[in-house]
Amino acid sequence: MAKDPRIEALAVESNCNRVKEGDRMVFNGPILDLEETTIACCTALTAMYPLVCALRFGMDPSNWGNQDKIMTQCPDRESSVTFELRRIDA
């Protein structure tokens with residue numbers, strides 16, 4: 001069985017008083033890696049997880065217009081956060 005890739009969700013722009021630019025969620029397969037994750041926002045997580053799964057299962061980010069990342073946004077219109085999703089395998 002192939003190793004599940006690690007995925008990083010990095011906050012690159014934030015209008016949220018809880019999630020700051022540079023905060024990140026790191027997925028080790030389907031599990032949120034609590035040692036490397038600096039913030040875990042359930043609203044953002046539920047919106048981005050289908051894209052995390054797509055990256056885990058080999059989707060090419062260029063299908064979404066970028067060579068090595070997918071851009072996504074938290075759906076909270078009052079305090080939106082933009083995230084870059086990318087594989088971070090060594």
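Residues numbered from 1 in each chain as written. Predicted model: local features only at pLDDT ≥ 70, side-chain atom pairs only at ≥ 80, totals over all residues. Heavy atoms only, no water.

Undergrad: Got a sec to walk through the pattern of salt bridges? Specific residues and values, please.
TA: Summed over all chains, the structure comprises nine salt bridges. A salt bridge links Glu84 to Lys69, with the shortest nitrogen-to-oxygen separation between them at 3.4 Å. Here the residue Glu84 occupies a position in strand S5 (residues 81–87), and Lys69 occupies one in the loop between helix H1 (42–56) and strand S4 (70–73), the gap between them amounting to 15 residues. Members of the salt-bridge network, linked through shared partners, are Arg6, Glu8, Arg24, Asp33 and Glu36. (Salt bridge = Lys/Arg side-chain N within 4 Å of Asp/Glu carboxyl O. Helix = DSSP H or I, 4+ residues; strand = E, 2+ residues; numbered from the N terminus.)

Undergrad: Which residues make up the packing of aromatic side chains, and what are the values?
TA: Applying the stated criterion to the full structure yields one aromatic pair. Here the aromatic rings of Phe27 and Tyr49 are separated by 6.0 Å at their centres, their planes lie at 55°, and the arrangement is tilted. Here Phe27, found in strand S2 (residues 24–28), pairs with Tyr49, found in helix H1; they are 22 residues apart in sequence, far enough to count as distant. In this structure Phe27 comes out as buried when scored by relative accessible area, which is 2%. Take Tyr49: its relative accessible area is 25%, and that puts it in the partly exposed class. (Phe/Tyr/Trp six-rings, centres within 6.5 Å; stacked < 30°, edge-to-face > 60°. Buried < 20%, exposed > 50% of the residue type's maximum accessible area, 1.4 Å probe, protein only.)

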